[in-house]
Structures are given as structure tokens and as C-alpha cells.
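Residue-level structural notes
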Number of protein chains: 2
Amino acid sequence: MREMNIAVIGATGLVGQTFMRLLESRNFPVKNFYPFASEKSAGKKLEFNNEEYTVLCEKNIEEQEYDIAFFSAGGQIAKDLAERFVNQGAIVIDNSSAFRMDENVPLVIPEINEMRIDEHNGIIANPNCSTIQMLMVLAPLRLLSPIKRVVVSTYQSVSGSGLKAMEELKSQMREFVDGEKVSDPVVYPYHILNNSLPHIDRFLENGYTFEEMKMIQETYKIMEEDIPLTVTCVRVPVLCCHSEAINVEFENEVSLEEIRTAFKEFPGVELMDNPENLIYPLQGDLEGTDQVHVGRIRMDYSADNAVNLWCSTDNIQKGAALNGIQIAEYILNN
Amino acid sequence: MREMNIAVIGATGLVGQTFMRLLESRNFPVKNFYPFASEKSAGKKLEFNNEEYTVLCEKNIEEQEYDIAFFSAGGQIAKDLAERFVNQGAIVIDNSSAFRMDENVPLVIPEINEMRIDEHNGIIANPNCSTIQMLMVLAPLRLLSPIKRVVVSTYQSVSGSGLKAMEELKSQMREFVDGEKVSDPVVYPYHILNNSLPHIDRFLENGYTFEEMKMIQETYKIMEEDIPLTVTCVRVPVLCCHSEAINVEFENEVSLEEIRTAFKEFPGVELMDNPENLIYPLQGDLEGTDQVHVGRIRMDYSADNAVNLWCSTDNIQKGAALNGIQIAEYILNN
């Protein structure tokens, strides 16, 4: 089998580490491995496939050639460095929002639009975590009927903001249970402990957050259809995994049985829908899993042909690193 | 001013205690005060208006007469005991779901339908906490245009399940930050720590929870209109206060300015809607407040004449005890 030279940019971060763990566990054929991070982290040691690697930084980019560069270092670094990796032969798979809406960059969820990967010009964008989770649910549903309208509320964990946010929640818990004054927050504008923040990413002029608009605009691009969709994004004091309450109106009549069958048949989706036996997706149980889990499927009597459902996913796996690895696996195999 | 003989049933619980605190802080004219609880708690001492009272139990009901009996002791106890208090002269204001859908029992949010109080036959029902919060938002909106459809997702705190649930969340936090195995849950079917449970109250045959159906059916009764409405109720690991993401479709065109004005003018609602300055309702800030706080008001482009908004309320105050006290104040003054 062909072996690839792999770079991970942001290798010390939560998504970067998950890229590395998934490359290992999925036996991705890695020839040479190059972990990159900020100058501050350069020289640190990271283990990958039982070997020790020295963290590289920006000035090392031109020292070797790459087949694939996984970026999870934020939008600005992606904008600054992606082209330099492309010039060294890499196909860049970027987890930030920097290139997602660029018409020259495919935005890909492999189960939905892997054929768009072939159209890349050196860069392929990984969608937003909440978009991936939602569209993994909407894609099988659209096979049953055109979708008329979707209303979504998210319950997003702090892992979406990285390791520092997870530490912030944990240290707020610690101070709270110890009866101390909870320190001022650093990652979030308000305490995330005992709070739900209806504020993810920056506010835009139309009153939406950028996170909310990402979910809408990325949907149009990936689904290649302007599905009427509205979103409220909320951060909840949960360490890992995101949940979403999704309301879908269909153009045509669709039965719950057809919906359940569609989910069972769609790759990457796992049906967990047996409420009488207390089976429904739970963030607390899904860390490290690959699938988008869906349950609480029920008719919505407030509109014709409408349903409610609930889904949960590990936002760092299918919502980020796993989706990127799947894109790389497609490249490897095609 | 007329003084009243007041009983609180469930006086040792979270809502019962809040009834007592609000009777004090609002200077409700109490002649004699009778705290009731289970036989187990009988004989305990409780402080009210700087005097000590002995907790009474079921066998003491017929020993005195009452003007108002505030019930916050669950549905079964309300069904078992309400009539006996009525027979002793009380108007029962019950916070459980026992009588809410009984056509002989008014279901009242004073700001919306206080005139229904006069129709009581001894019992008046307090709506579900999530219903009160939602309708305090929908009532001013309905003054602007008929409402076509509403889609709601809730972010409900553990205080809605009482003191034991609050202790359960706190002890799970303690075990988690101490690196211990988190004990099996007692109040909830799963850990509430680092989780969002799409499961409040029991499941019904149609796939909804009773909590979700309460919100729908109580809306029809209070608003005296079958507003098309669908709900997903979710428990989040937050100690106090509930939030709701509400999507409203209107029959007619309504501007954001009209909506903000309607909220400003409606008693009991507080507008907190200035996202550029990070002003939006937050559960973490609202414990002990009276108002339903509303913000993140923005047009929803997925449907004609639709808006999204976010609201937060102390579920034990306006969502429970305060609403009951307001009903009693109406009775006092009429």
C-alpha cells in the first residue's frame, strides 16, 4: 500500500492530538510524520506510533515534502501557512473556518459529498463540528423527502473550545465545590459553570453568532441546496460531545418507521431510539465514539410532515478529526 | 388590611421554602402560619417572619382553618390532601400537575389570565415552570400578531427536580474533580454531570415526555387557543434557572423593534438584548430574580415573519413560587 508523508499542524492541541490518535488506531499508512505547533511548543517531544517526534514550527515547513497536512490551528494560521504546505506537495485538510466558504475549496463530509474531494486545488475544508453532526442527520432524511425547513438548538460542550476551556470548566467546578470564589473566566466571557451561554464565536450584525451562520451557510454548500434553516447555538457546562435538538419539516409525508430505517442504513449514523427503555443519545456516554447518535424521534403535531429528534456526537471525532481522517482515507484510496 | 391564615404544604422543600421567603419579602399579610410536610419532617422547626414554627403533618389538617394553602408537595399529595384543606376554608394554590388540566380548575399566570382566578372552585393550579417562562414571552408577542407556530428547546436546571437533585449534581462534581468514580445517580436515570438529558418526567406513548406535553397542553388552556407548538425538554448540568430557545412564526409581519417594545411594556418581562455588549440572559446570573429575561432576538430567515429568541428565568421563583404568590396577592386584593 502507498505510504504518505503526514504533517499535523496544531499537533499539541485537542484536535491535533485526536488526528494523531486516529491515524494510529485506523492504521493509516504513514511514511514520515511531522508534528507542527507554535514556536513556543517547538522542540517538545510527542509520541506517535510508539516513536518520539520533535515538534516543528513554521520555519521548518520548507525542510521536507508532504502528502497530507492536517490543520487544526485556527483560521489565521491556516490562512498564513496552508499555501506553504501546498507548495511542499501537501493536500491541506483544514479544520478551521478559513477556507470553508471559498468556492475553490471543497467542503466535505465524506458520507455526504466525498465526490467533491476530487475537485480540490490543494486545500479541502472540514466543516464546523455542529454542521457535520446536523447534516449527518439531515442527509439520510433528505433521501426520504425534500426538506422544507429545519429549526435547530445546540447543546455544545466546552471541548469545542479546546483544552483550555476544558481546564476552565474543571477549575470552576473545583472552586465551586470547595466553596471558594469562582475565578474570573478567561476562555468564555462568563462562567460556564452552572450556566448556558447562548454565545459561540463572535456576534454578527444580523444578531446571529458566527457559529450559527456557519451552520446555515455550510449547509447550503455541502447539501448544494439552500435548505431553509435556522439555528441557536448554546454552550453548556459539559466537557465533551455536542447534542442538538432538531426539528425538521418535510415537503412530503414521511413515517417514523421510514426515518428509523433511513438512519439505520446511513453510514456513520447510529440509531439510539428506545425511550421506554431509557435509550437515547447522551453526551456523557459518547466520548471517543465515531458515529452520530440519533434518537427521541417523534412526530411534531405543530406542522404537517414534521418530526423532532435529538442527536449527540463526539465533536472532536466525527465533528473534527475523524471527518478529516476520512477525507484523507478517500484520497489514499482514489 | 385583611390578614390571611396561610398554610404551606411541602414547607421543607425547595419551592415550599421559596413560598415562605417570598411571603416574607413581599410583606404578605399573614395572620397565622402553618407549615406542613411529611410525617417524617413533622415536629421540625422552621423560621418564618422571625418566629419559629413547628412542622405539621397530614393528621393536623383539620385542627385549624385557612385562607390560602400553597401546595408544593407533588401531584399525589395534592390529589390526596387538597380537598381537606378546601374543606377547612382554604383556596388551594397547587404547584403540581395534579389539577392543571381539570376543567374546574383555573390554570393561571397572573400577567396573562388573572381573570380566570375568580372562577375557581377551591383549587387554582400553578402552571409548569417551563410553560410559565415560555408563555410570559409568547403572550406579549401574540399582542403583535396571531402566532402561527412555535418550536422550543429547553435548557432546564436541576433545581426543577428539587434539593436532592441539586445535591446530586454537586456531589457528582465533587467526585469528578477529586478523581473518584462518580457514584450511581439516584434522582436522574443517568449522570447529570457532563451530560444533557433529553428526558424530563416520564415518557408517553407518542414519544414525548410528560414535561413536553405539559408545555403544549397547558399553553392551549392558558392562552385559550391551540397555538401550534412543539417542544424538546432537556435537563442540563446547571444548578438554578431555566433557559429556552424559542422560535416563533407569526401570521403577520412583525419588526424586531415592535417585539422589543412589546417585551419592555409587558409586566414581569425584562429585555436583555444587546449582544454586541455581551448582554443576553444567563441562568448563572438570575437566581432570586422575579422576571423572565429575554434576549438574542433576531429574524429567522428560514420562514416568513419568524424570529428566534432566548429567555432565562429563575424556575423556582416566577416558574413556581412567585407565580403562586402572585395568585394569592390577586385573591387578597379582589
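Computed from a prediction, not measured in an experiment: that's the story for all the values here. Each chain has its residues counted from 1, running along the sequence as written. As a convention, the first chain written is A and the first ligand written is 1, with the rest following in written order. With pLDDT at 70 or above as the cut-off, local features in this predicted model cover only qualifying residues; side-chain atom pairs require 80 or more to be listed or tallied, and sums for whole chains, interfaces and linings still use all residues.

What follows is about unusual backbone geometry. Of note, the phi angle at Cys241(A) is positive, near 80°, even though the residue is not glycine. Here a strand is any run of E in DSSP of at least two residues, a helix any run of H or I of at least four, and the numbering for each starts at the N terminus. In this structure, Cys241(A) sits in the loop between strand S9 (229-232) and strand S10 (242-250). Phi at Asn27(B) takes a positive value of approximately 50°, unusual for a residue other than glycine. You can see Asn27(B) is positioned in the loop between helix H1 (14-25) and strand S2 (30-36). Its 9 C-beta neighbours within 10 Å are what place Asn27(B) among the exposed residues. A residue is called partly exposed when the number of other C-beta atoms within 10 Å of its own lies between 12 and 20, exposed at 12 or fewer, and buried at 20 or more, with C-beta atoms placed from the backbone.

Okay, the confidence of the model for chain A next. Scored from 0 to 100, pLDDT reflects the predictor's confidence in each residue. Averaged over all residues, the pLDDT of chain A equals 98, while 100% of them reach at least 70. Predicted complex, confidence summary: ipTM 0.97, pTM 0.97.

Two residues qualify as a contact pair if the distance between their C-beta atoms, derived from the backbone, is within 7 Å. Each side of the interface is counted separately: chain A has 49 residues, and chain B has 49 residues. Elements supplying a minimum of two residues to the side of chain A that touches chain B: strand S8 (147-155), helix H5 (163-177), S9, S10, strand S12 (292-300) and strand S13 (306-313) of chain A. Tallying contributions element by element places H5(A) first for the side of chain A that touches chain B, with five residues. Note that Gly is not counted as nonpolar here; it falls among the polar residues with everything else outside the nonpolar set of Ala, Val, Leu, Ile, Met, Phe, Trp, Tyr, Cys and Pro and the charged set of Asp, Glu, Lys and Arg. Here the side of chain A that touches chain B is built from residues that sort into 26 nonpolar, 16 polar and seven charged.

Before going further, it helps to spend a moment on the pairing of strand S3 (residues 45-48) of chain A. Residue and element names in this part refer to chain A. As judged from the four bridges shared by S3 and strand S4 (residues 51-54), these two strands associate in the antiparallel manner. Within S4, the position partnered with Lys45 by the bridge is Thr54. Strands are treated as partners if at least two bridges between them are detected by DSSP. From the end of S3 to the start of S4, which pair antiparallel, there are two residues, and Asn49 there has a positive phi angle of about 50°.

So, on to the sheet that holds S10(A). Residues and elements named next belong to chain A. Taking strand neighbours across the sheet as the criterion, the six strands line up as S9-S8-S10-S13-S12-S11 in an open arrangement whose pairing is mixed. One side of each edge strand has no neighbouring strand; the edge strands of this open sheet are S9 and strand S11 (269-271). Neighbour-to-neighbour, the strand axes of this sheet turn through a mean angle of 25°, independent of strand direction. The axes used here are C-alpha line fits, helices contributing only the stretch in contact, and every angle between their N-to-C directions lies in the interval 0 to 180 degrees.

Residue and element names in this part refer to chain A. Note on terminology: a nonpolar core is any set of buried Ala, Val, Leu, Ile, Met, Phe, Trp, Tyr and Cys residues joined through C-beta atoms within 7 Å. Formed by 206 residues in total, the largest nonpolar core has its most connected members in Ala7, Ile68, Ala69 and Val137. For this core, the leading source of residues is helix H4 (residues 129-142), giving eight residues. Each residue touching Ala69, except ones within four places of it in the same chain, is listed here: Ala7, Ile9, Phe85, Ala90 and Val92.

It is worth spelling out the environment of Ser171(A) at this point. With respect to the helices, strands and loops of the structure, Ser171(A) is situated in helix H5. Its 16 C-beta neighbours within 10 Å are what place Ser171(A) among the partly exposed residues.

Let us now look at the relation of the copies chain A and chain B. Copy-to-copy superposition: least squares on the C-alpha atoms, limited to residues that have pLDDT of at least 70 in both copies. Between chain A and chain B, the superposition needs a rotation of 180° and an axial shift of 0.0 Å, giving an RMSD of 0.0 Å. The operation mapping one copy onto its partner corresponds to a two-fold rotation axis. Most of the interface of chain A is mirrored in chain B, where 100% of its interface residues are also at the interface.

Residue and element names in this part refer to chain B. Here a helix's expected span is defined as the number of its residues, less one, multiplied by 1.5 Å. Compared with the 18 Å implied by 1.5 Å per residue over 13 residues, the 19 Å span of helix H2 (residues 75-87) between its first and last C-alpha is a close match. The angle between axes fitted to the seven-residue stretch ending at a residue and the seven-residue stretch beginning at it gives the bend at that residue. The largest bend in H2 comes to about 40°, at Leu81. Along H2, the residues that are buried comprise Ile77, Ala78, Ala82 and Phe85. At its buried positions, H2 is contacted by strand S1 (4-9), strand S5 (68-71), strand S6 (91-94) and strand S7 (123-125).

All names here are of chain A. Partitioning chain A into structural domains gives domain 1 (4-127 + 320-333) and domain 2 (131-315). The straight-line distance from the C-alpha centre of domain 1 to that of domain 2 is 25 Å. The partner domain 2 presents 18 residues to the 14 residues of domain 1 that form the contact. A class-by-class count of the residues in the side of domain 1 that touches domain 2 yields eight nonpolar, four polar and two charged. Segmentation of the chain into domains, including their bounds, is taken from an automatic or database domain assignment.

A separate point is the sheet that holds strand S7 (residues 123-125) of chain A. Residues and elements named next belong to chain A. Ordered in space as S2-S1-S5-S6-S7, the five strands form an open sheet in which the pairing is parallel. The open sheet has two edge strands with one neighbour each: strand S2 (30-36) and S7. Strand-to-strand twist of the sheet, defined as the mean angle between neighbouring strand axes without regard to direction, takes the value 20°. Looking at chain direction, strand S5 (residues 68-71) and strand S6 (residues 91-94) are connected through four bridges and run parallel. Note that in S6 the partner of Phe71 across the bridge is Asp94. Strand contacts of helix H2 (residues 75-87): strand S1 (4-9), S5, S6 and S7, with the helix running at about 155° to S6, the strand carrying the most contacts. Its contacts with the sheet put helix H8 (residues 317-333) on S1, S5, S6 and S7, and the angle it makes with S6 is roughly 155°.

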